[in-house]
Amino acid sequence: MTDTVSITTAGGEPQPSLLDQIGARAEARSIPLAAHLDLTWKCNEGCVHCYLDHSVGDDMDTAEVKGVLDQLAAAGTMFLTLSGGEIMLRKDIFEIVAYARSLLFDVRLKTNGILISERDADRFAEMGVRQVNISIYSHRPEVHDAITRVPGSFARSIEAIRRLKSRGLTVEMRVPVFKGGADNYARLKALADELGVRILFDATITPRMDGGQAPVALNIDADTREEFYLDPAVTASLEDACAPPTPPGEELLNGHSCGAGFKSCYITPQGDVMPCVTFPLVCGSLRHSSFLAIWKSAPFLQIRGIRNRDLDTCSSCSSLSSCHRCPGLAFMEGNMRGPSIQDCQNTYAQTKVPTPLYPAAPLGSAPLRGPAHSGQFVPLAALLPAAGDRSYRESANY
Ligand code: SF4
Ligand code: SF4
């Protein structure tokens, strides 16, 4: 997802920014404007809430990654996020970033930063990397280090933020919020302000990508969630926190929940293509098909066929206009066309208007990857591999 701003004309009417206009055209024409590519799932931290299986190897090599970047450039991708796992564990990270910049991608990196030296920061700045995101889990070093399970990691991540920032790079401090982690948002906001970086809080912890539910148990409880959305430090970083719901209009009903599968996609280190890192529907393998063949394949086409008016329950929900509905979470809860309990709870916490699944159904009560929608829609969940089963990548279907 890209950051956008609006401009105001002399007449006072807000006009969409150039980025908004590009995004709207990309969505209308199904151009993969943004791609998120994980370079490895291996990591030098062991965060308690992580959704990845760090033991999965078989990462694409340098030539394969460059081939993927060539295909994305040809498909119209402009915004490239390189992430992991920990990208600095790739010995070819600078070669990959340099190649991506030679293709004129707008490059954003996600890293824990603990391996970034002064020289590394220089090189990223020289290459023209636009933004680096680094996660911080608490203003207290001992809490952060307990979550990453790496002593001293807080100090090293903060030092990386300073190094990158001092080179003129845009750095964003990401704060996933969950049980046992961040609990003083004002102190974190003050830390970000002192470092001169933007801060972004996120209180949604997702299941593991292989279907494991353990991280979901770390989601903050309902009372803490409501306090979270009322905290001034949080609301200052969320553009439309606590927006009161308004009746959905035609434009909203004809629109989509997000750009996943319409103008953005996710690629695993092994070359599997999905709509989003939070939407683990494997649509094809770049080791067996071209990117465009996968982008135009049935799973993506089915996703693009779903407008808000087609959604089960959500289409008639009075909070649709306030809800940041995530189709990936809904997919992982069993029906990509339905609501997700996490989004129903998030929306209720912000608006205090009861939603279809919350407070009627407590967080965590939904089956993960249960039966798919049983109507005319093809049950895409049936395409998913069993947890831990990587053999699907060898399937002749791809
Ligand atoms: S699938 Fe969910 S996380 Fe991914 S872009 Fe859509 S709303 Fe955001
Ligand atoms: S609050 Fe729940 S039912 Fe309403 S739009 Fe959001 S996810 Fe759908």
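To keep things clear, this report deals only with the structure shown in the data block. All values reported here derive from a predicted model rather than from experimental measurement. Along each chain, the written sequence defines residue order, and numbers are assigned to residues from 1. Chains carry letters and ligands carry numbers; both start at the beginning, A for chains and 1 for ligands, and go up in the order they are written. This being a predicted model, a pLDDT of at least 70 is required before a residue's local features are given, and a value of 80 or more before pairs of side-chain atoms are given or counted; all residues contribute to the totals for chains, interfaces and linings.

1. Some remarks on the site of ligand 1
The condition is simple: Placing the C-beta atom from the backbone, one calls a residue near a molecule or strand if that atom lies within 6 Å of it. Residues are sorted three ways: Asp, Glu, Lys and Arg are charged, Ala, Val, Leu, Ile, Met, Phe, Trp, Tyr, Cys and Pro are nonpolar, and all the rest, Gly among them, are polar.
Close to ligand 1 lie 10 residues, the nearest being Cys258, Cys276, Thr278, Cys326 and Gly328. Its residues placed into classes, the shell around ligand 1 shows seven nonpolar, three polar and no charged.

2. Some words on the site of ligand 2
Not every one of the 15 residues close to ligand 2 is listed here, only the nearest: Cys314, Cys317, Cys323, Pro339 and Cys344. Of the residues contributing to the shell around ligand 2, the split by class is eight nonpolar, five polar and two charged.

3. Re the pairing of strand S5 (residues 106-110)
As a reminder, the rule being used: Residues with at least 20 neighbouring C-beta atoms inside 10 Å of their own are called buried, those with 12 or fewer are called exposed, and the rest are partly exposed, where every C-beta is derived from the backbone. In this description a helix means any DSSP run of H or I spanning at least four residues, a strand means any run of E spanning at least two, and both kinds are numbered starting from the N terminus. We call two strands paired when DSSP finds no fewer than two bridges between them. A clockwise path from the first strand over the helix to the second, with the strands pointing away from the viewer, defines a right-handed crossover.
Among the five residues in S5, four count as buried, and that is most of the element. In this sheet, S5 lies alongside strand S4 (residues 79-84) in parallel orientation, the contact comprising four bridges. Bridge pairing in S5 places Thr81 opposite Arg108. As for the winding sense of the linkage, the β-α-β connection from S4 through helix H3 (residues 93-102) to S5 is right-handed. Running through helix H4 (residues 118-127), the crossover from S5 to the neighbouring parallel element strand S6 (residues 131-135) is right-handed.

4. Here's the deal with the packing of H3 against H4
Heads up, the rule is: Helix axes are fitted only over the stretch in contact, all axes being lines through C-alpha atoms; the angle between N-to-C directions runs from 0 to 180 degrees. Note that the term roughly parallel is reserved for angles under 35 degrees, roughly antiparallel for angles over 145, roughly perpendicular for angles of 65 to 115, and oblique for everything else. Left-handed describes a crossing in which the near helix is turned anticlockwise from the far one by less than a right angle; the clockwise case is right-handed. Each residue is represented by a C-beta atom placed from its backbone, and any two residues with such atoms within 7 Å are regarded as in contact.
One can describe the packing of H3 onto H4 by two numbers: an axis separation of 10 Å at closest approach and a directional angle of 15°. Between H3 and H4, the interaxial angle falls into the category roughly parallel. The handedness of the crossing between H3 and H4 comes out as right-handed. Listed contacts from H4 to Phe94, Val97, Ala98 and Arg101 of H3 are Arg123, Phe124 and Met127. Along the lines of polarity and charge, the residues of the contact of H3 with H4 split into five nonpolar, no polar and two charged.

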